[in-house]
There are 2 protein chains.
Amino acid sequence: MKRILLCVAYDGTNYSGWQLQDNAPTIEGELNKALSDLHGEEIAVIGASRTDAGVHALCNMAVYDTDARMPAEKVSFALNTVLPEDIKVVWSREVAPDFHPRHTNTVKTYEYTIYNEPIMPPTERLYAYHVKDKLDVAIMEKEAKCLVGEHDFKSFASVYTTAETTVRTITDIDVRREGSYVKITVSGTGFLYNMVRIIAGTLIDVGLGRRAEGFTKAALDALDRRSAGPTAPARGLMLIKYEFLDQCF
Amino acid sequence: MKRILLCVAYDGTNYSGWQLQDNAPTIEGELNKALSDLHGEEIAVIGASRTDAGVHALCNMAVYDTDARMPAEKVSFALNTVLPEDIKVVWSREVAPDFHPRHTNTVKTYEYTIYNEPIMPPTERLYAYHVKDKLDVAIMEKEAKCLVGEHDFKSFASVYTTAETTVRTITDIDVRREGSYVKITVSGTGFLYNMVRIIAGTLIDVGLGRRAEGFTKAALDALDRRSAGPTAPARGLMLIKYEFLDQCF
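Remember, predicted model here, so these are calculated numbers, not experimental data. (Residues numbered from 1 in each chain as written. Chains lettered and ligands numbered in written order. Predicted model: local features only at pLDDT ≥ 70, side-chain atom pairs only at ≥ 80, totals over all residues. Heavy atoms only, no water.)

Peer 1: Can you explain the interface of chain A and chain B? Please cite residues and give values.
Peer 2: Each side of the interface is counted separately: chain A has 20 residues, and chain B has 20 residues. Together, A:P122, A:T123 and A:R125 form the three largest contributors to the area buried by chain A at its contact with chain B, with a combined 36%. There are four salt bridges connecting chain A and chain B. Between A:E85 and B:R125 there is a salt bridge, and its shortest N-O distance comes to 3.3 Å. Among the secondary structure elements, those contributing two or more residues to the side of chain A that touches chain B are β1 (2–10), β3 (56–66) and β4 (87–95) of chain A. When residues of the side of chain A that touches chain B are assigned to their parent elements, the largest contribution, four residues, is made by β4(A). Within the side of chain A that touches chain B, the residues separate by chemical class into 13 nonpolar, two polar and five charged. (Contact = heavy atoms within 4.5 Å. Buried area = accessible area lost by both parts, 1.4 Å probe. Salt bridge = Lys/Arg side-chain N within 4 Å of Asp/Glu carboxyl O. Helix = DSSP H or I, 4+ residues; strand = E, 2+ residues; numbered from the N terminus. Nonpolar A, V, L, I, M, F, W, Y, C, P; charged D, E, K, R; others polar.)

Right, dumping it as structure tokens:
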């Protein structure tokens, strides 16, 4: 029996998120189906991040166990011939049998993409949130910095969160303009349900002048979801990087 | 009666191209339907470029005539409330009653997008052609330059072309690497059926070393479709700019 780790990229547009559901297509469901087909045995992956419906990924992580003799490195190629075209396994490798992607120290990086022009071309609509009025990126960047560090992010979690604690650590936030886009990059050791989308919604409100400077810090201190900005749409969000700390593979 | 000019952006993924068809969704068909709804009269647009199935546009052009009293500049906003989300009218304005988008001197610019990494994220698949092996952009740029000017582009036209002459003028070609992408930008006063896609397919063949330096010029001189490279896939192609010459509006 060996444990195989997969780096999985996907277009979340046509899925009800990562997590397995009975009556809706999910990334986890498609992976289980493709792996079971491939290895000829019932396989259920353990995923690292349960991304929401419509959220994309360049690299989410999953492990599974198998007795199959196929070399771990070949699994990605074989899987890609079976998976739908909007899910792709970027690489696969063997890990220790007790390696668990959710019980391992990690830094995850999400990118939130805003298309910041009066008119958005339709070719952008699935991967960016359209904000017509010009965003003040300098003030967004300044506001964002107060979120870096270990804080209680209760104000930046969905009221439906089931987490035991709402304390999390953000290691870095960066807001920048790239041509017609404004991109918000957030790295942290863990995130609450909707956390990056609420951070994006809050920074956008300040960047549009709907909220005064200092709004983000005040929201953080209030420990109340109602004090932060709206949850920005899922389609602008992409999980772009996954780093396992203290692991050499 | 006034004539209104529309700049139309679209995601071509779910359409059988621009041109009206009886049993398939097309950009022209959707525009006619939305305009007829909006103005309460039967309207048929005259389009500028009949893009292929799967080809995208930031700005294709169309005109139509109407007696409606709505100011021409307001048409774009009103239309966007009726059109499907993958078609958007960027602007609308009144033009002279005899202005015809295909009988006016123009320079059109197309961009062909290649994703040039071993693995392509699924979020790129609708708007880029995946070339896994590293392209030699310097040699592609050099080969491309021999196409600039007025030439008989018979080798770079689909054998199904119905054009009276295959002489066309390319005003500029540019090939460049932008991060993970290689982009080919082609400007010209007119293009033959599949011309930009065959140019892209030919330059890719040379950039991969499948064809020797000089292949593009030899193909041009041969006046035979079989002497050029393959037709690159439609999804990588986008009509990005439309300039009407000798017009002040």
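Having put the structure on the table, let's press on.
Peer 1: Requested: an account of the state of the cysteines, with residues and values cited.
Peer 2: Residues and elements named next belong to chain A. Tallied over the full model, the rule gives two disulfides over all chains. Two residues, C7 and C59, share a disulfide whose sulfurs are 2.3 Å apart. In this pair, C7 sits in strand β1 while C59 sits in strand β3, placing the two residues 52 residues apart along the sequence. In terms of burial, C7 and C59 fall into one category: buried. (Disulfide = S-S within 2.5 Å. Buried < 20%, exposed > 50% of the residue type's maximum accessible area, 1.4 Å probe, protein only.)

Peer 1: Got a sec to walk through the domain arrangement of chain A? Specific residues and values, please.
Peer 2: All names here are of chain A. Once the domains are mapped, chain A shows domain 1 (2–95) and domain 2 (106–244). Each of domain 1 and domain 2 has a C-alpha centre, and these two points are 27 Å apart. Counting residues at the interface gives 16 residues for domain 1, matched by 15 residues for domain 2. For the pairing of domain 1 and domain 2, the buried interface totals around 1300 Å² over both sides, and the portion due to carbon and sulfur atoms is 61%. Interface area lost by domain 1 to domain 2 is led by D52, H56 and L58, which between them contribute 37%. The interface formed by domain 1 and domain 2 contains one salt bridge. Close ionic contact of R197 with D52 constitutes a salt bridge, the shortest N to O distance being 2.9 Å. Along the contact surface separating domain 1 from domain 2 lie eight residue pairs in polar contact (both at pLDDT 80 or more). (Domains from an automatic or database assignment. Polar contact = N/O pair within 3.5 Å; in protein donor to acceptor, adjacent residues only side chain to side chain.)

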